[in-house]
Each structure stands twice: as C-alpha cells, then as structure tokens.
Amino acid sequence: MVQCRYTKNLTNRADGGDEHCLFYYLLNREYEDSGNVHSLSTFPPRSDEMKITIENVLVKYVELVKGSSYQFNVFGDIYLNWKDERLKWDKKGEFENYDHLYIFNSSAIWTPHVIDHTLCADGGCSYSVDDIDIYDDGTVYARIQFKYQASCVVDYRKFPEEDDSCCIFFTAFEPNVLKTQFEIEGKSKEKLNRPVYAQKVYEKEESLNKAAQEHSPWVVVERSISVSHLGGLETLEVLQVCVKAEKQMSTVRVALLFPVTLATYVMLASPLFGDLRTQIFVKLFTLHVQTLCFLYLCTITPLNGFLGVRPRIYIFYEIVFTISFCSILVTLVVMALSRVKRNVPPSHRLFLSAKLINRVVCCIEPERTDAYHRFVEEETNPEARPTSEVNDSVIRRGAELDYTQDWRHIYLALNNMFSALMFSVFLFMTFLEFF
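From a predicted model like this one, the values you see are computed outputs, not experimental measurements.

On the surface, a nonpolar cluster with roughly 590 Å² of combined accessible area is contributed by V254, F258, L262, V266, L272 and F273. Tracing the backbone shows L272 in the loop between helix 3 (250-268) and helix 4 (276-299).

What follows is the structure in structure tokens.
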C-alpha cells in the first residue's frame, strides 16, 4: 500500500492506508471532483433518489427483554446493496484484473443508515456495517449486523399458547436525498423454528462454547419483511422486519382442557348411571372437578390481565359452566315434578315414546312404586256382572286414579333428551377447540 501513487494527496485521512490501491484511486478521483477528502465517506451519492435493495434478512437469535415476559431483543443480519456512481472504475485500464474491491474499514465509504429510531433511547441497541464489497459498476454489497428491541403485540385469544408479533421498523433517512426507496429481492416470508432465550446467549465472562441455553416457552415460527410509508409520506419508506412467535405450552393446555372436557362428558352421560338421584351426585362431582380446573387457570393468568381480550379458553369454561348449570337445574326440576301426584293421564303416544327413550336408548325407567292403568272401564251396573269377573283392573265410580308413574316416564325422557342435546353441542364445541 505504501507504493500506491494515489495516496500522496490523502495523508490527512485516518484510515491508516489499509485499503487496496484501487480504493485510493477512487478516493483521489472523488477528491479532485469535490475538493473534499472526506466526501466519499461522509456524503451519499449525488442523486435525488436512493434505492436500497434488501437481499435477505437473517434472524440469528431472539431473547427476552430483561423484566418482560413477551418483549424481545432481536439479533440478526440484513444483506443489502445500493448503487454509488462514484465507485465505478474502468476495467480496461490499470485495474482491469479487478472485478470487485473488498473494503476492510466500514467507515471508509458512505453507507446508508438503516436503523430503528423508535426503541433505542436507552442505548440498548447495536448496529454495525460489515463485509463491504464493491463491484466495477458501482454496486456496493454489505451486511448490517443489528440488535434491536422489537415492538411486540400479544394475541391473548389463544392463551395459554398465545401468539406474539414483534416488529422492527428500519428507516434510511438521509438529509441530502429527497427520497429513499427500499426494494425487497428475497423471500418476504420465511418459516423458522428457533427458541426465544430467557437470558442472554453468552456473557462477557463466558466463552461461546459455554453459552447459556436456557430458553423460554416462546418459539419463533416465522420471519417476514415488508415496506410501508411512514405517516403516509411517499418520500420516506419504512422497512418492517417482523418475527412471529408462539408460546408452546402443550402440557399446560392439556392440563387445563382435558380434565374439564372429560368431566363434562361424564356429566352429560349421567342418564346412563341410573336414577335421578344418582345423576345429581355425578353432576355435582363433575362440577367440583370443573371448578378445580378453573381455579388452576386463574393461578396462571397474567397479573396485568389480557388487555381487554377474552381468551378462547375462558369462553370455553364459560360455556362448560353454563351447560353444567342448565343440566343440574333440569335434573332438579324433573326430580321435583316427579314427586307431584298426577290424576290426569298423559297422551298415550307421548307416554309410549318416553318409555321407548328411557328403556331402549338410556336403559333406565322410573321406580316401580305405582301400577300403570292405561284405560278405565266404568259400568253402569257392575253388580250385574259375575263376581268372578270383577277384578282390580275395573275402577269403580268415585275412585281416584293415579297417573304419576306415567308422567315420571315423560319427565325422565325430557331429562335424557336434554342431556343428549347438550352432549351433541359440547361434542361439536370440543371439536372446534381441539382441532
């Protein structure tokens, strides 16, 4: 580098002469045009519009912000390129064997300030430009390493396995450029499967091979990049780098849903256990199990709530308790009606249908406490009949008829049909919740 003849007028630069002679040729040429030795490293290309092409955004790892359960620090790389006419050279002359020029010092040339201005007031962010490579047509390729705190929004509807969408908003505002434009060449969306670490990946006193691997329940499942306009301004574009994370806590979800679901199915199938008294005991026991599961759900609820959002699992529990309350209430009403004495016979078809449901479908029937009389024959002169023909099936005038047992069949059938209806509704609701 000492023998490079283009460094003689550039002695006041602080780059130490570590770059290739081709760079000093470009620098000397720009110095002759502008009269400023720092023009190439300080000012952007002389153009009203700057186009920055985003080749790829690589998310290397993600960690939780200290003291937060859902805010993320994102570490990654942005691979980009732009055009700078000041860095062209002719391959036919002195440097004809050079297709590209690697820059060792990132501050030797101007690079776009693709940074996020929103959440870096506390100084917890980092940004650096590396791997700068220049081609003969003036195209500059570079890699930006960044660490930024993302702006996160949690979707609590899927609690306890909620989604977390975190975005970083990069801008490239240059005072001497009227418009900065981003163009995305790579994939706008990419599937990932990387854990979110609960603490820093490594500390200063630790070496990389002793990196801490304790991770949180969050897992990054997707990375997306897009371009939008800031505040509707067409001249200022924003590069959004977003990561979507899911909290994978399948064990907790099963512990919250499986016992209460199984207990509810047992409660709705209680007509198969026997009489109404047994059904009440079964339903009260299942209500006790449901209450215990709900109390466990309350213990893992965030202290700051769900920001006005009702999680689906809470709606599920509300429906479960509603079904349980209605089922217990219907059974109690049926028990109360079964104790009322009935002297009016029910419809014969209604009675036979109820008896079919109870005996064939539910394998249950009321207790045999009263005899069943389908019809009554009354004679104007019963003394004219032979004494041997007079039996218990003939009810004499003035005798009080009891149809309580007939009505009990109907009440019990209504209770069984209500349980079957609720069983079908809950089966459909369970399918929607689990699948």
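Let us now look at the pattern of salt bridges. Enumeration over the complete set of coordinates arrives at 15 salt bridges. Between E222 and K191 there is a salt bridge, and its shortest N-O distance comes to 3.2 Å. With E222 in strand 10 (residues 215-229) and K191 in strand 9 (residues 189-197), the pair connects residues that are 31 residues apart, well separated along the chain. We classify K191 as exposed; its relative accessible area is 68%. Sharing partners across several salt bridges, the network here consists of K60, D77, D131 and R143.

A pair of packed helices is characterised by two quantities: the angle between their axes and the separation of those axes. Where helix 4 meets helix 5 (residues 312-338), the axes come as close as 10 Å, and the angle between the chain directions of the two elements is 160 degrees. What the angle tells us is that helix 4 and helix 5 run roughly antiparallel. Regarding helix 4 and helix 5, the two cross each other, and that crossing is left-handed. When its residues are assigned to classes, the contact of helix 4 with helix 5 shows 17 nonpolar, 7 polar and 2 charged.

We now examine the state of the cysteines. Tallied over the entire structure, the rule returns 2 disulfides. Between the sulfur atoms of C152 and its disulfide mate C166 the distance is 2.0 Å. When the S-S torsion is 115 degrees, as for the bridge of C152 with C166, the disulfide is right-handed. Remark: C166 occurs in strand 7 (residues 163-171) and C152 occurs in strand 6 (residues 151-155); sequence separation between them is 14 residues.

Where helix 3 contacts helix 7 (residues 404-434), the two axes come as close as 10 Å, and the packing angle between them is 165 degrees. Taken together, the axes of helix 3 and helix 7 are roughly antiparallel relative to one another. Crossing geometry of helix 3 relative to helix 7 is assigned as left-handed. Of helix 7, the residues touching helix 3 (which contributes R253, L257, T261, T264, Y265 and L268) are S419, M422, F423, F426, L427, T430, E433 and F434. By residue class, the composition of the contact of helix 3 with helix 7 is 8 nonpolar, 4 polar and 2 charged.

A few words now on the environment of T299. Assignment of secondary structure puts T299 in helix 4. Among the polar contacts made by the side chain of T299, one reaches the main-chain carbonyl oxygen of Y296 at a distance of 2.4 Å.

All right, on to helix 3 then. For an α-helix, 3.6 residues make a turn, and residues three or four places apart therefore share a direction. The end-to-end C-alpha distance of helix 3, which contains 19 residues, comes to 26 Å, matching closely the 27 Å that a straight helix rising 1.5 Å per residue would cover. Looking at the buried side of helix 3, the elements it contacts are helix 4, helix 5 and helix 7.

With respect to the helices and strands, the residue D275 is situated in the loop between helix 3 and helix 4. Taking the relative accessible area as the measure of exposure, D275 reaches 31% and is therefore partly exposed. Remark: the alpha-carbon pair of D275 and M335, spanning 60 residues in sequence, is separated by 9.8 Å.

With 24 residues, helix 4 should cover 34 Å at 1.5 Å per step; its first-to-last C-alpha distance of 35 Å lies within 8% of that length. For helix 4, every residue scored as buried is listed here: L276, Q279, I280, V282, K283, T286, Q290, C293 and L297. Looking at the buried residues of helix 4, the elements they touch are helix 3, helix 5 and helix 7.

Sheet topology note: the strand 3 (residues 100-103)/strand 4 (residues 126-135) ladder contains 4 bridges and is antiparallel. Considered in strand 4, the bridge of H100 is made with Y135. Bridge analysis of strand 4 against strand 5 (residues 139-149) gives 7 bridges, and the strand direction is antiparallel. Among the inter-strand pairings, S128 is bridged to a residue of strand 5, identified as Q145. A loop of 3 residues connects strand 4 with strand 5, the two strands running antiparallel in sequence, and G138 in this loop sits at a positive phi of about 90 degrees.

Our next topic: the side chain of D133. Turning to its location among the elements, D133 is positioned in strand 4. One buried charged residue, D133, forms no salt bridge at all, with the nearest opposite charge on R143 at 12 Å. A polar contact is formed between the side chain of D133 and the side chain of H100, at a distance of 2.9 Å. Setting aside chain neighbours within four positions, we find D133 in contact with H100, L101, Y102, T139, V140 and Y141.

Conventions and cut-offs
- Residues numbered from 1 in each chain as written.
- Predicted model: local features only at pLDDT ≥ 70, side-chain atom pairs only at ≥ 80, totals over all residues.
- Heavy atoms only, no water.
- Patch = residues over 30% accessible without salt bridge, like charges linked within 9 Å, V, L, I, M, F, W, Y side chains within 5 Å.
- Areas by Shrake-Rupley, 256 points an atom, 1.4 Å probe, with all protein chains shown as cover.
- Salt bridge = Lys/Arg side-chain N within 4 Å of Asp/Glu carboxyl O.
- Helix = DSSP H or I, 4+ residues; strand = E, 2+ residues; numbered from the N terminus.
- Buried < 20%, exposed > 50% of the residue type's maximum accessible area, 1.4 Å probe, protein only.
- Axes fitted to C-alpha atoms, helices over the stretch in contact; angles between N-to-C directions.
- Parallel < 35°, antiparallel > 145°, perpendicular 65-115°, else oblique.
- Left-handed = near helix turned anticlockwise from the far one by under 90°.
- Nonpolar A, V, L, I, M, F, W, Y, C, P; charged D, E, K, R; others polar.
- Disulfide = S-S within 2.5 Å.
- Contact = heavy atoms within 4.5 Å.
- Polar contact = N/O pair within 3.5 Å; in protein donor to acceptor, adjacent residues only side chain to side chain.
- Expected span 1.5 Å × (residues − 1).
- Pairing = 2+ DSSP bridges.
- Lys, Arg positive; Asp, Glu negative; His and termini not counted.

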